[in-house]
4 protein chains.
Amino acid sequence: MKVWLIGAYGIVSTTAMVGAKALERGIVDKTGLVSELPPFKKISEYVPLKFEFGGHDIRPLPTAYDAIMEHWESNRHFDREILDAVGDELKKIKACKGTALNCGEGIRELGRVETLEDEGLTLREIVDRIEKDIKGFADDETVVINVASTEPLPKFSEKYHTTIEGFEEMLDNDVKEYATASMLYAYVALKLGLPYGNFTPSVGSSLPALKQLAEEKGVPHAGNDGKTGETLVKTTLAPMFAYRNLKILGWMSYNILGDYDGKVLSHRENKESKVISKDKVLEKIMGYSPYTITEIEYFPSLVDNKTAFDFIHFQGFLGTKMKFYFIWDGIDAIVAAPLILDIARFLLFAKKKGISGVVKEMAFFFKSPMETDVINTHEQFVMLKDWFEKLAEV
Amino acid sequence: MKVWLIGAYGIVSTTAMVGAKALERGIVDKTGLVSELPPFKKISEYVPLKFEFGGHDIRPLPTAYDAIMEHWESNRHFDREILDAVGDELKKIKACKGTALNCGEGIRELGRVETLEDEGLTLREIVDRIEKDIKGFADDETVVINVASTEPLPKFSEKYHTTIEGFEEMLDNDVKEYATASMLYAYVALKLGLPYGNFTPSVGSSLPALKQLAEEKGVPHAGNDGKTGETLVKTTLAPMFAYRNLKILGWMSYNILGDYDGKVLSHRENKESKVISKDKVLEKIMGYSPYTITEIEYFPSLVDNKTAFDFIHFQGFLGTKMKFYFIWDGIDAIVAAPLILDIARFLLFAKKKGISGVVKEMAFFFKSPMETDVINTHEQFVMLKDWFEKLAEV
Amino acid sequence: MKVWLIGAYGIVSTTAMVGAKALERGIVDKTGLVSELPPFKKISEYVPLKFEFGGHDIRPLPTAYDAIMEHWESNRHFDREILDAVGDELKKIKACKGTALNCGEGIRELGRVETLEDEGLTLREIVDRIEKDIKGFADDETVVINVASTEPLPKFSEKYHTTIEGFEEMLDNDVKEYATASMLYAYVALKLGLPYGNFTPSVGSSLPALKQLAEEKGVPHAGNDGKTGETLVKTTLAPMFAYRNLKILGWMSYNILGDYDGKVLSHRENKESKVISKDKVLEKIMGYSPYTITEIEYFPSLVDNKTAFDFIHFQGFLGTKMKFYFIWDGIDAIVAAPLILDIARFLLFAKKKGISGVVKEMAFFFKSPMETDVINTHEQFVMLKDWFEKLAEV
Amino acid sequence: MKVWLIGAYGIVSTTAMVGAKALERGIVDKTGLVSELPPFKKISEYVPLKFEFGGHDIRPLPTAYDAIMEHWESNRHFDREILDAVGDELKKIKACKGTALNCGEGIRELGRVETLEDEGLTLREIVDRIEKDIKGFADDETVVINVASTEPLPKFSEKYHTTIEGFEEMLDNDVKEYATASMLYAYVALKLGLPYGNFTPSVGSSLPALKQLAEEKGVPHAGNDGKTGETLVKTTLAPMFAYRNLKILGWMSYNILGDYDGKVLSHRENKESKVISKDKVLEKIMGYSPYTITEIEYFPSLVDNKTAFDFIHFQGFLGTKMKFYFIWDGIDAIVAAPLILDIARFLLFAKKKGISGVVKEMAFFFKSPMETDVINTHEQFVMLKDWFEKLAEV
Ligand SMILES: NC(=O)c1ccc[n+]([C@@H]2O[C@H](COP(=O)([O-])OP(=O)(O)OC[C@H]3O[C@@H](n4cnc5c(N)ncnc54)[C@H](O)[C@@H]3O)[C@@H](O)[C@H]2O)c1
Ligand SMILES: NC(=O)c1ccc[n+]([C@@H]2O[C@H](COP(=O)([O-])OP(=O)(O)OC[C@H]3O[C@@H](n4cnc5c(N)ncnc54)[C@H](O)[C@@H]3O)[C@@H](O)[C@H]2O)c1
Ligand SMILES: NC(=O)c1ccc[n+]([C@@H]2O[C@H](COP(=O)([O-])OP(=O)(O)OC[C@H]3O[C@@H](n4cnc5c(N)ncnc54)[C@H](O)[C@@H]3O)[C@@H](O)[C@H]2O)c1
Ligand SMILES: NC(=O)c1ccc[n+]([C@@H]2O[C@H](COP(=O)([O-])OP(=O)(O)OC[C@H]3O[C@@H](n4cnc5c(N)ncnc54)[C@H](O)[C@@H]3O)[C@@H](O)[C@H]2O)c1
Ligand code: NA
Ligand code: NA
């Protein structure tokens, strides 16, 4: 299959490319790939583990190879041998120039940036260019995934965001104030009938107008915000307290990371969507709102080695207080990259099975799954499995 | 309902008594009680939250009040006000003298001990005395629960342990070598038609002979080894690695505790059953055997404040190694005590619903659940809920 | 000796009172008291371990007993038996009404507050009242210690803050804008010839004008900000990295606490002085400024159980990065209270030995010691010991 | 200078070689080298930062390059570029065949081993061969350092171990039972007038007979057991509790590591000397013996990434218990390797300054420093500095 990556030069994107190519050559195993677990065995009949990549980015690098080399130099997040083996493949991947409309101050941290709006284009022209780029790459088995830097929360407009007509009007009248990059990319993908996955907390396809478009076009989509690291642990662990009727008095989540993602998120407005995405999960699992701290801070020397410190203060029988601490010392891109491949596969599988609209059964992959309150990782896994098995049988 | 506790003077037992009485008076809330969660609401129609206690112990204390006072003085594990409010109730509870047959060297740590075998009784006579004691207390709504100190693994005998006839022969011929205290208590409970729960890793009712007895008598039973602390976390968390196809390279579990339980377990032979019980869970969840370290060590100043240090080394995409650490800083008796009440209630509920033999659906409460490989805490909770709901409907 | 406590109803103050009285009765041992270590044995010849207390506060409680009862109910930070034994002594201690001039928004968290400025007094009148209160209590062996809630950084004035004449002018002209409570208390103490210790990061006696006053009056003083918890560990541990020529790439310090102190510090302006006080220590020890995160956040359920999470990322030979994590799970008032007694004793000892001005050799007790760059806990201890031994010999 | 390494193919040895050569080429900085700190600036006048290496080992590898390649492949403990740059230098270093007399079962873990005793040599012949090997390499500026696998505790003999005459008699009569490899190497070094450092807990030069020899020959020596990782932290941190009169109730130290060192130490007899070396430090710092747990366990996937989990339970004012946890996540060889260079330099410096016998002022580098009770890292650093400065002045 083919995958079009928004943010194609990011560490998650390029690590996914390296992984996909290394898998093809058989030099790495399938560790980390959910879609390769026994319950999903049949997926390879629909979507073999073979990928071609294209995408948009706003950093004007020659190819994905230059991007991965920069990420690798500062992270060394996998063995050099792997990179050497697949380097040539990445040299063939060149991102098209994208849009960074209303992507906030944080974007400045990325260094030199070139965008479509710099060329003075209107919204409609931007959208047309994106469409042209994607059309030049896509076939029937293509999925679009957003892995670009996190945008700020968009300014909401009843008029332009709730119906597809309103959205088109916004494009036609060039009302840039209410448009952000992620919604423009999502719009094009859905319009072209391409399944769309949103690995970021940016708004993407979660706008009512775009959900409507997806339904109308009969396209499956899923998001938001890839569930890796601390939130993955939190949504796995919190149910234990619920099952045992233990009361959470407070839950502190303190995340540090370096890297571009960390730099961009160090800007308040860009961080906002992330923190909201991380913070509301507990309430859904516990049925009440414990006191929480959820913070993400920049810590340059860690680069992509996201480290999370969690402290859970809980109360048991007879009112007695107890404590639980955990430290997650993970490599963000390593946890995230295989999920990009998984999401792409499951979305294409869904399309082939005639599914349209939000695939809420893919909640397992996201921090803020659309249109479902199933946040418990265990329940999400069961839901994914059941959904897959039922569809695969048909 | 009535609960007969083997090890009635232990910290888990006496804390359960305090809790039950404090609940009756409405001075504590229901935190920690699984059976009080919404899905189990109907249980109170069958088994109201009201308990009477009796039991066996081998420490010759005047009453359960003397026992809890000693535990409380060194642990202060709940507010003194609660103890003062229910103290009189505990003064009314006096344990009968029990047996400590083949309970190992660890028992010596308990201080002065008086047992039935000290009186020179034969196996049959011991069993008769236990039966007499329990009969004097039990009614139709009585459950027996083993919360005594952990025994060593018994010496296994094909002849005496696999059939009820063999077991009776062992008793009749006074073959003490193959009998341990926990099986004698379990034998009496089942023979009397009383549901039996085993909160310890001791053999209890898990002997084939006794399973047969339970079936014949139509009695439900469940065990083994209450799932609290680190194993609870492990069986909640390990599935996350499985769902995400992350490979566990090694899992270190290091537990420290003081208290009698810690002292008894500091003896190699007594510890053995505990470690086995804790150690085999990972294999069942992951489908392979990661390298593991599982240790329990004595740390006097912690008393009952069981602390567990876990380190999980895991491998993700592209072979990259990552790390996860957790610290469980819990009060063992506080986590365990409400489960005693829960187990008693679910067992009585099962009996009322005509269930007999091992209630494997109660796996949720145990480290080494009998006759099931469902070790994943989430699956266990779903299993318990489904079982309960189905039965409650009838 | 006598101790006048600014913030007499705080948890540190009242815990110090309980401890002093419990020591007198011999119901607790000397654990936690630095001045009772072998090298300081001779201090009891000058300042026996016997204390009388008075003080100012702004919360209108009947006596220190009411204050400690409130702190104890929410913290249970020592055995109830101790409180019962010394309760009567605390009922005899009643704080005088103090000033909260320019103490910031955070003060509102304290509940009902009554201050001298509420009575409409001028600066000079406030200072006179404070003087009258202290004079009514103090004798030749009295020390004043500031343990009141942390103030915001004061607005600096060249004119009023650098000379004692300027300071007096500020008082006379009632220029309230440049005065904060802590400097007014310190002014009175020094003017009366009473040694003054500042356990808080508030400005206290560190104003040039007041340092001049201390020199002129021949009074010893010391501060600022009691070194407890995380900073104590940091200044003990960081030298290890320095001695071994290991490079600190980043040091994260994340502190959570509940309680009044936590509430007051949750206000930005009040927190500012605290964070500065905590943050500059690393540079002084390492000789360069590593990347640091220093945060204090409110976490209500912990009450006074200050918990600190530190992560040190460091680089060794050949450029290799390594990691160190620590968790401090302390009870703030328990660590702080004995230091109040220690500081009082050492200050009175200094006075008796004719020392005046800043006693920089008492740096061991403070996060931001005045007039010294000795921040390394080890060096501070050696410095205190050498200073004491030399003076004690004379 | 020249350094003769016993255990030349070990990870510490070969990492030290790589580092020394990389320093010469200026491709790494001096991080990790104590002797390059400002207070020791003058050392380069006596011992420039330039090293030549030789040594003994019992693994029959072609050169040190083969050894480092194996270590590097499983550890990747520094950037590959460094290895590539200095590889040729390591190809020139070939270890002579050594002795593994009474080195215990653990040695088997090393794979194929060839020793002098395999050739059927007597003790005297072994010693002669070692002497011949060293003589062929050494000059006036050569130091011998033991970095071989840890031996079991030797069987002690009054007759053969306490005087140099007895020791010679043991050699002459070939009493192999009482000789271990480390003492034979140490004997030769001292006999040849070469300073000797013992980076392991093996007996080495700490035998009374060999101390006598060192005095007689006027040679400086130092040991035992390089202080890295957890013990370094412990001896830095424990003083804090002492200075503050906080009582340590218990200190748990749990170490896990993989690698050859971990494998060898997984054998009880080999581990014994290590645990003793680590365990007695607390008593010396605190003045009493707190309850301690000190364990080292094998954890293969960590390879040389030694991880230590420490828990300190302590008591403060009013008897209140508090907790401190730390995790050391270090790379053993990276912490150790520069110390090899430091020890070599300081020993040669000592020799040039006419020092003979145990250099107890080098305690800073060792877990079990000979002939001193100065265990506090800070005091050790001050002692080293003072000693150096005084000698350097002359
Ligand atoms: N890594 C994880 O575990 C994880 C988990 C959940 C969500 N995410 C999200 O995934 C996204 C990517 O993370 P990353 O670590 O790869 O970050 P990154 O900074 O390495 O990559 C982001 C890439 O997006 C590009 N980009 C930014 N704005 C763009 C735009 N408007 N159009 C096209 N390209 C644009 C950047 O140039 C960069 O190449 C972030 O939003 C992050 O929050 C990551
Ligand atoms: N506390 C937990 O979280 C937890 C979890 C799982 C299992 N368990 C198990 O529960 C049991 C009790 O734990 P505890 O913490 O209450 O221990 P405890 O030592 O406080 O209590 C054990 C009691 O059993 C009594 N006893 C010992 N042998 C006996 C015998 N043969 N017959 C009758 N009484 C006997 C002792 O005198 C003591 O009063 C232990 O086996 C423990 O391993 C406890
Ligand atoms: N507890 C520690 O370990 C520690 C360490 C270093 C510094 N400190 C500092 O010590 C101070 C006291 O801490 P605490 O935990 O006891 O806090 P607390 O809130 O319990 O006590 C502060 C007391 O000061 C009173 N107060 C506030 N403003 C006042 C004023 N202007 N005049 C007189 N009284 C006033 C309050 O009413 C309260 O009774 C804080 O500034 C804190 O930052 C504490
Ligand atoms: N790495 C650290 O931080 C550290 C700290 C303190 C002490 N030490 C000690 O240093 C020693 C070396 O550690 P390492 O990690 O390099 O181990 P390693 O296993 O990598 O190296 C040991 C080397 O010694 C060789 N050897 C074994 N017995 C020998 C003998 N009798 N004669 C000659 N060579 C022999 C082995 O073949 C191997 O090459 C160990 O004793 C270890 O306990 C290491
Ligand atoms: Na780590
Ligand atoms: Na804790």
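If you're wondering where the values come from, they're calculated on a predicted model, not measured in any experiment.

Calculation criteria
- Residues numbered from 1 in each chain as written.
- Chains lettered and ligands numbered in written order.
- Predicted model: local features only at pLDDT ≥ 70, side-chain atom pairs only at ≥ 80, totals over all residues.
- Heavy atoms only, no water.
- Least-squares fit on C-alpha atoms with pLDDT ≥ 70 in both.
- Near = heavy atom within 4 Å.
- Polar contact = N/O pair within 3.5 Å; in protein donor to acceptor, adjacent residues only side chain to side chain.
- Areas by Shrake-Rupley, 256 points an atom, 1.4 Å probe, with all protein chains shown as cover.
- Helix = DSSP H or I, 4+ residues; strand = E, 2+ residues; numbered from the N terminus.
- Nonpolar A, V, L, I, M, F, W, Y, C, P; charged D, E, K, R; others polar.
- Domains from an automatic or database assignment.
- Donors = N, O, S within 2.8 Å, 3.2 Å for Na, K, Ca; no water.
- Buried < 20%, exposed > 50% of the residue type's maximum accessible area, 1.4 Å probe, protein only.
- Contact = heavy atoms within 4.5 Å.
- Buried area = accessible area lost by both parts, 1.4 Å probe.
- Salt bridge = Lys/Arg side-chain N within 4 Å of Asp/Glu carboxyl O.

*Asks:* Sorry if this is basic, but what is going on with the relation of the copies chain B and chain A here?
*Replies:* In this structure, two copies of a chain are linked by a rotation about an axis accompanied by a shift along it. Mapping chain B onto chain A calls for a screw motion: a turn of 180° about the axis and a shift of 0.0 Å along it, with 0.0 Å RMSD after fitting. What we have between these two chains is a two-fold relation. It is phenylalanine 326 of chain B whose C-alpha, among those of chain B, lies nearest the rotation axis, at 2.1 Å.

*Asks:* Would you take a moment to explain the site of ligand 4 for this structure?
*Replies:* Residues and elements named next belong to chain D. Taken together, 32 residues lie near ligand 4, and Asp57, Thr99, Ala148, Thr150 and Tyr185 sit nearest. Contacts to ligand 4 include glycine 10, whose backbone N or O atom sits 3.1 Å from an oxygen atom. Serine 149 places a polar main-chain atom, nitrogen or oxygen, 3.5 Å from an oxygen atom of ligand 4. Against a free-state accessible area of 830 Å², the protein chains account for coverage of 99% of ligand 4. Elements represented by at least two residues in the shell around ligand 4 include exactly helix H1 (11-24), strand S2 (52-57), helix H8 (181-191), helix H11 (259-265) and helix H14 (332-352). Along the lines of polarity and charge, the residues of the shell around ligand 4 split into 15 nonpolar, 10 polar and 7 charged. When residues of the shell around ligand 4 are assigned to domains, at least three fall in each of domain 1 (2-226 + 334-393) and domain 2 (229-330).

*Asks:* What's the story with the coordination of the sodium ion (ligand 5) in this structure? I'm lost.
*Replies:* Each pair of donors in an ideal four-coordinate tetrahedral metal site encloses 109.5 degrees, whereas pairs in an ideal six-coordinate octahedral site enclose 90 or 180 degrees. Coordination of the sodium ion (ligand 5) by the protein involves Asp329 of chain A (OD), Tyr325 of chain B (OH), Tyr325 of chain C (OH) and Asp329 of chain D (OD), with metal-donor separations of 2.3 to 2.6 Å. Separated into two different chains, aspartate 329 of chain A in strand S10 (residues 321-329) and aspartate 329 of chain D in strand S10 (residues 321-329) make up a pair that spans both. Residue class for aspartate 329 of chain A comes out buried when judged on its relative accessible area of 6%.

*Asks:* Is there a simple way to think about the relation of the copies chain B and chain C in this case?
*Replies:* Under the fitted operation, chain B is carried onto chain C by 0.0 Å of movement along the axis and a turn of 180°, and the coordinates agree to an RMSD of 0.0 Å. Looking at chain B, 100% of its interface residues are interface residues in chain C too, so the copies touch through the same face.

*Asks:* Can you help me understand the interface of chain B and chain C in this one?
*Replies:* Note on interface size: it is often stated as the accessible area lost on association of the parts. If you look at the interface, chain B gives 6 residues, while chain C gives 6 residues. Roughly 450 Å² is buried in total at the junction of chain B and chain C, and carbon and sulfur atoms are behind 28% of that figure. Here chain B is connected to chain C by 4 salt bridges. With a closest N to O distance of 3.2 Å, arginine 76 of chain B and aspartate 79 of chain C form a salt bridge. One can count 4 residue pairs in polar contact (both at pLDDT 80 or more) joining chain B with chain C. Looking at the side of chain B that touches chain C element by element, the count peaks at 3 residues for strand S10 (residues 321-329) of chain B. For the side of chain B that touches chain C, a count of residues per class yields 2 nonpolar, no polar and 4 charged.

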